[in-house]
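Listed below, chain by chain, are the residues.
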Amino acid sequence: MNLLPASAEPASRSVFAGSDIAATARLAWLGGCPRPRFEDDVWSFVGWADAPVQMKVTEKKLLFDRIAHRPWRVVVKELALAWIAAQDEHVLALPRARRAPRHPRTIHARVYHLTFWLNWLHERRITTLAAVTQDHCDAFLREYGVVRDKATGAVLRNKAGGSLRTVVSSMQDITDYGELLSADRHRPGFRPWGTRSPRVVTGAPSRPQVVIKTEPLDDDVLRPLLTMCLHLVDVLGPHIVDLQTELQAERESWRNTEWSRHLRDGDRLAALVDEHLRTGQPLPRIEDFQVTKRLRLGWDPKDPLLTANFQHLLRPTGHRDIHKTLFVQARPLLEEAVANVGTEYVWCRDAPDVPRADTGELIPWSLPLPNKGVDSLIRVAGHACTVATSALTGMRSSELMELTVGCRRTDDTDGTGLARHRLVSKVVKGRLWGGEVDEWVVIDEVVRVIALAEQLTDARPGQPLFGPFNGFESRGAMTWLRQWVASPAGRRMGLEAIPDEPVHPRRLRRTLSVEMAARPGGLLATKVHFKHLQVATSEGYAGRPGGAQAVFHHEWKKEEAKEKAKRTVEAYRQFEQGQMPAGPGADSLLATFRAVESELADHEPGPAKVVTDRQIELLLKKKVSVLHLSAANYCWFEDPAKALCLKLAGTRSAAAPLTGLCDSSRCPQATHHLVHRSVWKTAADNGAVLLASPRISPTEKARLRAEHERSMRVLAQIDTAAGKA
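Scoring rules and cut-offs
The residue count restarts for each chain, going from 1 along the sequence in the order it is written. Under the rules for a predicted model, residues below a pLDDT of 70 receive no local features and side-chain atom pairs below 80 are neither given nor counted, while totals for whole chains, interfaces and linings still include all residues. With hydrogens and water stripped out, all remaining heavy atoms of the structure feed into the side-chain values. Runs of H or I in DSSP of at least four residues are treated as helices and runs of E of at least two as strands, each being numbered from the N terminus. Only protein chains enter the accessibility calculation, which uses a 1.4 Å probe; a residue is then buried when its area is under 20% of its type maximum, exposed when over 50%, and partly exposed in between. Should any heavy atoms of two residues lie within 4.5 Å, those residues are considered in contact. Here a polar contact is recorded for every N or O atom pair within 3.5 Å, except that within protein the pair must consist of a potential hydrogen donor and a potential acceptor, and residues adjacent in sequence are included only if both atoms are side-chain atoms. Buried Ala, Val, Leu, Ile, Met, Phe, Trp, Tyr and Cys residues form a nonpolar core when they are joined through side-chain atoms within 4.5 Å. Salt bridge criterion: a side-chain nitrogen from Lys or Arg within 4 Å of a carboxyl oxygen from Asp or Glu.

## Thoughts on the overall build of the protein chain
Here comes step 1: On a plain count of helices and strands, the protein chain comes out with 27 helices and 18 strands.
Here comes step 2: Residues counted as buried form 46% of the 725 residues belonging to the protein chain.
Here comes step 3: Relative to all contacts within the protein chain whose residues are 6 or more apart in sequence, the contacts with residues 24 or more apart total 66%.

## Concerning the environment of Asp138
Here comes step 1: In this fold, Asp138 is placed in helix H5 (residues 134–144).
Here comes step 2: Judged by its relative accessible area of 25%, Asp138 falls in the partly exposed class.
Here comes step 3: On a C-alpha basis, the gap between Asp138 and Val201 in space is 9.8 Å, while along the polypeptide they are 63 residues apart.
Here comes step 4: Only 2.9 Å separates the side chain of Asp138 from the side chain of Trp193, close enough to count as a polar contact.

## Some details on the nonpolar core
For soluble globular proteins, the rule of thumb is that nonpolar side chains tend to be buried together.
Here comes step 1: Judged by nonpolar contacts, the single largest core of 66 residues is most densely connected at Met228 and Trp484.
Here comes step 2: Tallying contributions element by element places helix H8 (residues 219–255) first for this core, with 14 residues.
Here comes step 3: If we skip the residues at most four places from it in the chain, Trp484 touches Met228, Leu232, Leu236, Leu377, Val380, Ala489, Gly490, Met493 and Leu495.
Here comes step 4: Ranked by size, the runner-up nonpolar core spans 53 residues in total, among them Ala22, Phe38, Leu62 and Ala85.

## Looking at the pattern of salt bridges
Here comes step 1: Per the counting criterion, the structure on display carries 37 salt bridges.
Here comes step 2: One salt bridge connects Glu252 with Arg255, and the closest N-O pair in it is separated by 2.6 Å. With Glu252 and Arg255 both in helix H8 and three residues apart, the pair spans about one turn of that helix.
Here comes step 3: The partly exposed category is assigned to Glu252, whose relative accessible area is 37%.
Here comes step 4: Between Glu707 and Arg703 there is a salt bridge, and its shortest N-O distance comes to 2.7 Å.

And the structure:
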């Protein structure tokens, strides 16, 4: 029985019948890859040339065959192609159709939701969309909108409003694209939830306010993580590359060797053993899994030859194993050799010395390793490159995946001899299909990390450097790095264990943003920031970057504003407690603080009130806006004409101070606080050591003595001011 009115009768043939999906959607396609057709029940986008690296293989397949009712497969196919080919003439003719094409990843999600909706209807023996009512829609949304326990069916939680909004939108599109549908459609005048938008139906805002919920990493996690990554890159990296080259050459040689089955010549075997005895080199050792295999085959656990690698020993002869008869005859000779020189893995036997990460003591960079151990170490080094790049650039995971071999760019356009390093990648989030090419200006450490990653990968130029990955946890990069640090190899290097706290690109990006806002100047990836990096300015952080870095710059600036307000309020609270600022600009700052104190005290009689930090922040808003954080002082940049750094540079107008030329002991806009005491104390202690050194020339000591006296003078001022009542 046909429930459709005559006016709602669909056409017999789809307008997309026989269409080439890639051509209709205007997708760039790889040669040699099959092109999906409209009639196919599975559309494969594996051949899509511009697909983001982060797009999973499962997302590249639209599975219409999971829809139980065959006519509805045609309906969803027509919707999917209309979503992706929004500029097709048939789609443009629809008044309610979306004009901007949807991303194939989005279409995969919408097809997924529609499959559940249509199969839900089919289970209730509804065979035509014309029979769908609003009650059906409401019942499905209630049932589909919760997450249930797979075992008991109990409701665990409600689904996110964003995903439900997509479900409602997809269901309404059946009406909005109804004139295009050939196999089935809703009855005339019916639209799920009528004119109500998905936002209203689900209660989820279409443009929710962006609230950053990602917490930055604590220093207890960031410090050992970066120390380990950069130790792997800078100290062990060159040796790992050499080891990888040797291993690859060895494996290639083994593949090109014509092997014989068994060695029967006792003299040749004796000559090989004598060579090991003469040089004192241990016999080759088999890997642990091979030892386990021998034990299962009946070997005695106490057999002295249990761990001997006969195949590697016989390699110069071109044989794979020792003949059983010869093995029995040669056993005494082999056992004597094992007793004298032992057995050992063949890789890293004479490893060069490198410094430990904690004490600097020189030790072999690696103990002897088996083939599997070498492969694991290479993989660990690769993961360290991925994590370090994420931590030091603030790139999203999608942007990391788009980095290719050969992405480094270095130039010196201004002739100063200072190189500018850039990474070329793609921005995928919120951009056109396939992403848009963009550049990140980075510091030297990132360049070294990328250089090592390019040496470790088998990818060719232009191919993904890191490839796709699903975060850093769940057997990802952080799992490998934590296991390696906790292993004997990591402990030998003096590396600190990484706390078991989630680490992923979002947290690393957030951490970099917060740290840059809080550290001196906010423009430096400094030794203070990362505890072990050289002081270096990155244009990617300091300039007003365009493209992908604009979002990161905005986030960083917001955090910097919060940090300035926090530091100003902190200075005022210290003033209330009698800890006064020191330095040439102290009088001006104290005048501001006293004015705020007077304003807070001048209120109508009434119940006692507690003055909050927010009230103080509002009263000090103007002062907060001119604060610039430096390593050894606060700079209240109110009047460029008074700034000593600008006078030294020969310029009187600038929007910000020149931190590199700062002499806070003489600048009338600089103040010193207790938070800066440790910096000046370190400078004074270092100056005393240098002045006592006989290796320093008298001329240099004269300069150092002046700096030392300045440091001592500032220290005395800070201590005196902090003790004022």
